[in-house]
Amino acid sequence: MTANTALIWLLAIPFGSAPIIYLAGRITEKLSPKTGSAPSRWLSVLALAGTLVPLYYTIMHFTSEGAINLNVNMISLKFDGISMLVTVTALVLGLCVTFFSTKYMQGDDGEEKFFALLPIMIGSIIGLVCATDLFNLWVWFEAMAISSYILVAFYRDQADAIEAGVKYLVQSAAGSALILLGIALVFAQTGLLNLEQLRISVVNSEPSPLLLAASVLMLIGFGVKAALVPLHTWLPDAHSQAPSGISAMLSGIVIEAGLVALLRTAGILIYSNTTWGYLIMGFGALNLFVGNLMALRQTQVKRLLAYSSVSQVGYILIGIGVSIYSLQPTGAAGGFFHIITHALMKGLAFLAAGALLYALRLSHHNHEPLQVSDLDGASKRYPLTAFALSLALLALGGLPPLAGFMSKWQIFVAGFEAGSGLTIAMVIFAALNSVLSLAYYTPMINRMYRHEPSEQVKAGTTISWKMALPLVILIIVIVVLGFWPPLVRWMVNPAAYSLLSIFTSVLIR
Amino acid sequence: MASTLILLVIGLSWLGALLVWWVGDKRSALQHALAIFFSVASGAASIALIFNASSSTVINLDAGGVFGQFTFVADGLGVYLAAIATVIGSLAVIFSVNYMHGEKGLGRYYAMVLFFIGGMAGLVLTSNLLLMFLFWEITALCSYALIAFHNDDPKAVAGGIKALIITQLGGIGLLAGALILYSQTGSYDFNQMIANPGIINPRLLSGMAFGCLIAAAAKSAQFPFFTWLPDAMEAPTPISALIHAATMVNAGVYLLARFYPAFEAVPGWKISVILVGMISAFISAIMALFANDLKRVLAYSTISQLGYMVFAIGCGGIYASQFHLLSHSVFKALLFLGAGAIIHSVGTRDMREMGGLGKKMPFTRFVFIIGALALAGIPILNGFWSKELVLEAGLTGGPVWAYAIMLITAGLTAFYTFRMVWMVFYGKPSEKHIHDAQPAMKVALAPLALGAVVAWLLAGPFASLLQSTLPAHNIHPASTMEVIVEVIKAPATYVALAVVALGLVSWWQRENLAGVSKAFKWLGTIAENSFGFEAVNKFIVRETQATAEELRDTQTGLLNWNIAGLLIGLIAVIIILVMGG
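Since the structure is predicted, the reported quantities are computational estimates derived from the model, not experimental observations.

As for the confidence of the model for chain B
Alright, step 1. The predicted model of chain B averages 89 in pLDDT, with 100% of residues at 70 or higher.
Alright, step 2. With pTM at 0.93, the complex prediction returns an ipTM value of 0.91.

A short note on unusual backbone geometry
Alright, step 1. For the bond running from V229 of chain A to P230 of chain A, omega is 10 degrees, close enough to zero to count as cis.
Alright, step 2. For P230 of chain A, the position within the fold is in the loop between α8 (209-225) and α9 (235-241).
Alright, step 3. Positive phi, normally seen in glycine, also occurs at A227 of chain A, with a value near 60 degrees.
Alright, step 4. Within the secondary structure layout, A227 of chain A lies in the loop between α8 and α9.
Alright, step 5. Taking the relative accessible area as the measure of exposure, A227 of chain A reaches 0% and is therefore buried.
Alright, step 6. With a phi close to 55 degrees, A221 of chain B is a non-glycine residue in the positive phi region.

Details of the interface of chain B and chain A
Alright, step 1. Each partner contributes to the interface: chain B provides 61 residues, whereas chain A provides 68 residues.
Alright, step 2. In this assembly, chain B packs against chain A so that about 5,700 Å² is buried in total across both faces, 77% of it on carbon and sulfur atoms.
Alright, step 3. Linking chain B with chain A are one salt bridge, by the criterion used here.
Alright, step 4. Its salt-bridge partner being E549 of chain B, residue R297 of chain A comes within 2.5 Å of it at the nearest N-O pair.

As for the pattern of salt bridges
Residue and element names in this part refer to chain A.
Alright, step 1. With the rule as written, the count across this model stands at 24 salt bridges over all chains.
Alright, step 2. In this structure, the salt-bridge partner of D237 is K167, at a minimum N-O distance of 3.7 Å. One end of the pair, D237, is in helix α9; the other, K167, is in helix α6 (residues 159-190), with 70 residues separating them in the sequence. Neither residue differs from the other here; D237 and K167 are each classed as buried.

Considering the packing of helix α15 (residues 362-376) of chain B against helix α18 (residues 439-454) of chain B
Angle between the axes and distance between the axes are the two parameters that describe a pair of packed helices.
All names here are of chain B.
Alright, step 1. Axis separation between α15 and α18 bottoms out at 9 Å; the angle between their running directions is 35 degrees. Seen from above, α15 lies across α18 with left-handed handedness. Contacts between α15 and α18 involve F363, V367 and I370 on the former and, on the latter, K442, L445, A446, A449, A452 and V453.
Alright, step 2. Per-class residue counts for the contact of α15 with α18 are eight nonpolar, no polar and one charged.

Here's the deal with a nonpolar patch on the surface
All names here are of chain A.
Alright, step 1. A cluster of nonpolar side chains, M1, W9, V53, Y56, Y57 and M60, forms an exposed patch at the surface whose accessible area comes to about 600 Å².
Alright, step 2. If one sorts the elements of the nonpolar patch by residue count, helix α2 (residues 38-65) sits on top with four residues.
Alright, step 3. A relative accessible area of 46% means that Y56 is categorised as partly exposed.

Details of the layout of surface pockets
Alright, step 1. Space inside the largest pocket adds up to approximately 1,700 Å³.
Alright, step 2. Around the largest pocket, the lining comprises 45 residues; the ones closest to its centre are F387 and Y449 of chain A together with W21, R108 and A111 of chain B.
Alright, step 3. Those elements giving two or more residues to the lining of the largest pocket turn out to be α14 (378-381), α15 (383-396), α17 (421-448) and α19 (465-483) of chain A together with α1 (2-23), α2 (28-50), α4 (106-125) and α5 (129-147) of chain B.
Alright, step 4. Among the residues making up the lining of the largest pocket, the classes are represented as 27 nonpolar, eleven polar and seven charged.

Overview of empty space enclosed by the protein
Alright, step 1. On inspection of all chains with the given rule, the structure shows three cavities of 30 Å³ or more.
Alright, step 2. Roughly 170 Å³ of volume is contained in the largest cavity.
Alright, step 3. Lining the largest cavity are 16 residues, and of these G398, F412 and S434 of chain A together with F133 and E137 of chain B lie nearest its centre.
Alright, step 4. Those elements giving two or more residues to the lining of the largest cavity turn out to be α16 (403-418) and α17 of chain A together with α5 and α6 (154-185) of chain B.
Alright, step 5. Its residues assigned to classes, the lining of the largest cavity comprises nine nonpolar, five polar and two charged.

Some details on the environment of S46 of chain B
Residue and element names in this part refer to chain B.
Alright, step 1. In this structure, S46 sits in helix α2.
Alright, step 2. Excluding residues within four positions of it along the chain, S46 makes contact with V9, A82, A83 and T86.
Alright, step 3. Reaching out from S46, the side chain makes a polar contact with the backbone oxygen of G43 at a distance of 2.9 Å.
Alright, step 4. Here T86 takes part through its side chain, which lies 2.6 Å from a polar atom of the side chain of S46.

The rules behind the values
- Residues numbered from 1 in each chain as written.
- Chains lettered and ligands numbered in written order.
- Predicted model: local features only at pLDDT ≥ 70, side-chain atom pairs only at ≥ 80, totals over all residues.
- Heavy atoms only, no water.
- pLDDT = per-residue confidence, 0-100.
- Helix = DSSP H or I, 4+ residues; strand = E, 2+ residues; numbered from the N terminus.
- Buried < 20%, exposed > 50% of the residue type's maximum accessible area, 1.4 Å probe, protein only.
- Contact = heavy atoms within 4.5 Å.
- Buried area = accessible area lost by both parts, 1.4 Å probe.
- Salt bridge = Lys/Arg side-chain N within 4 Å of Asp/Glu carboxyl O.
- Axes fitted to C-alpha atoms, helices over the stretch in contact; angles between N-to-C directions.
- Left-handed = near helix turned anticlockwise from the far one by under 90°.
- Nonpolar A, V, L, I, M, F, W, Y, C, P; charged D, E, K, R; others polar.
- Patch = residues over 30% accessible without salt bridge, like charges linked within 9 Å, V, L, I, M, F, W, Y side chains within 5 Å.
- Areas by Shrake-Rupley, 256 points an atom, 1.4 Å probe, with all protein chains shown as cover.
- 1 Å grid on protein atoms, 1.4 Å probe; cavity = no way out; pocket = protein on both sides within 12 Å on 5 of 7 lines; lining within 4 Å.
- Points joined across faces, edges and corners; volume = space filled by probe spheres on them.
- Polar contact = N/O pair within 3.5 Å; in protein donor to acceptor, adjacent residues only side chain to side chain.

In structure tokens:
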């Protein structure tokens, strides 16, 4: 398979399969209401598994030949290091989530739409990170956003879910409006939309107020999606009200895709890497602070995990901010490594919490949120799920020998390598926040290992193997990465270099 | 050979942890058996490792990039601590067969114990500072999991989380140290730095030194981070013996001893170490005087004895501190396991409800008194020799006022030790139903009692092991006979013995000294409140929670405010960029 063919199939399979999944589901539901939308569930798993094949070829071509460039009429794509990392993460997480959801969403009204939209969202993410000009990037971004709006507000009979969906939609749309404004300003100033050409143009011209304004608009616009504080307020509602598989996807890869879009676009417009380094690090510190303190007071499990996502984005931002500030790749490598580990850990946490939510509430058709106090004694009835959730929480807290420790470590090294007082202070601040996060992760673990089960646990149903299998896979990957982080070096280093090439080429005049 | 043994020491423990968990709680007899097998096997491997000790790197795995080379060294400092961890670990496991009989969650218990043993061995055997930090955190995780083993008991859970958070906060100091080392030298191998501290910029070396001191103080429950150890006594007693007396708390002392040659020249470091050790030893001895919970007395005593070790390091007495560490591990584990037998039999930890237990528990009384004599520093037990060496190091290497305080503390140690023994085994008989230590408990206690009596004979070989494998540490080799002669000839020894005797006499004559004890009642209140440090902890927790609660107002739930947040962000960034240029 040639590089271009592989890349085309990489996007074609998710998008092409979506209508088939939907139709298959609708038709079988009409024909035999008993089996329901079973075909749509398994077709979507198959579609995502199938996408792994062109992904493999794409990666092979990338590692031997370098970035892959594809131009089809108006659509031009470039598969570089960042694209590879995000695509692999999105597909691995997406597969786990889809498999999990075959049981989780079973019997829900409109599930064929769910299983059709998931591949669309994943495909949009892949397109987003391969986009080469502002307009196409924005289109992929919107496709991702729109599919996620529907998935978040999936439980359309629940007032809380609708409220979360509306807030998410309005805030995200406000962000998109700002992005469009920014694109317009860039086009007005330079007449260009292609990212490479823009880079060259910015390098060769004087700093312009229009481009400064555009960079800020991009930062804030994409920042809504990337959950920068104070733009994050949609996140706790959306991540807690969405079906658990979608929560995992949102926390695991959607906000990170927003961050990548932010870096790709604002990155070519910046003039001072120190100021932008400070800015990104500042946002990182703010995210850590707000995310951790808010999580401390939560009594609902999924809301706690949502705030935890806000704080974990803080680590990624600090890593990338240090890289921009010092123009060294280590911080970006740490940030990208943390994107991978966070997707795995938060994915595992949301899926495990989702399994418990399903067993304790949803299987009784109860849409009340899962409270921390419901977890009492869960390990007795659900040993694997309780272990999975505990492991995910410990990993998020940065305890070895789990993956979160290693990715945070790489970010911390970068801060000390950069050597300035500010970056070192950032590392210490981040380390303190890691310790603080243990204060809200550990009580949940202790509750699960009590001997006295809560009423909800006693009345809970069993957890199917379809929900357990993704948990086991994620556990294994998190532990293995925790012991031997070099396993992902082939993804992390190219991504870090791709990122740095955006920033350094702008600044080397 | 050494590399295989190191892999066995860590690997057998961890394999055991996995198997015990895998086998499941329904087959508890198999779990007990597996735990004993793997901990003893690990112990055997570590003893074999002692005979293969050298100062060269024996394992080297290149993890590349920012993760460095995963290296392991089997030098004297590492192998003896690994041996303590695994051997006392296996004794604690054997003890647990009786102590944890019938408990639910045995798989989790043994898995965490074995995981801990392997982690502790790894901590002391690695020469890569990243790996040391990794193992440091693993031991903290196991300690938390085991303190909070009885998850239904809120005190246990609170104790576990408190221990985790305080030791993790201190750990940031070690984290900073590791990162400084890497950013300055491009490697995590600390042996090159210890041999030649000049390779690191002096200001950063100072940062490293104090960072490591903070980490060590938190891990070894020293001033000002000691408040977690008394609360950690909620753990099952074999855990208190293993983790919170004989192994994990020694990690801080190990860290200071390991890095001493690199940090000794840092201005202000040695005196800080002396102060930390001295203050810890003194105030915890006072707190032990007033405590009524048997395990709490032992906990305060542990803080105090660790203070002696830290003090010795500050005065340059590396050998003295490590010898005292060895003695302390043996007699403190003995005391804790003995306390475990007592608590298991009597059903309470409050010494006021004990008394006169000696008649029904002769074996336990016998071994416990041996441990108590060693703690008080009575000749010829191991505690006597090592404490004398520490005090001598203090006299020659530190300020005389610090030596005086440590001397007074020795007297206080004797006092509270005998108070403890009296309250438990003598005096008015308790009404409770008593039985002596059960068979597995006896099997664990006996070797420790023997060790307390004769282990000091290894002083000479121990010194030469350290001297031959730690070139940078300037250990002066001395045979056991030379050590004995040195201690017997030093006048300081007799001063110390006099103070100890004073302590004993004061207890014996306590009724006549009632007026003195009334005058010190105010001290008791302060001691019960941990000299105000518990109040500091509570303040920090309260303020953090209050700030978090205030912050909740920013999540208004109103869409208009959310969008306003967007605009505020926009304006703020524009201002920053315009000003920043």
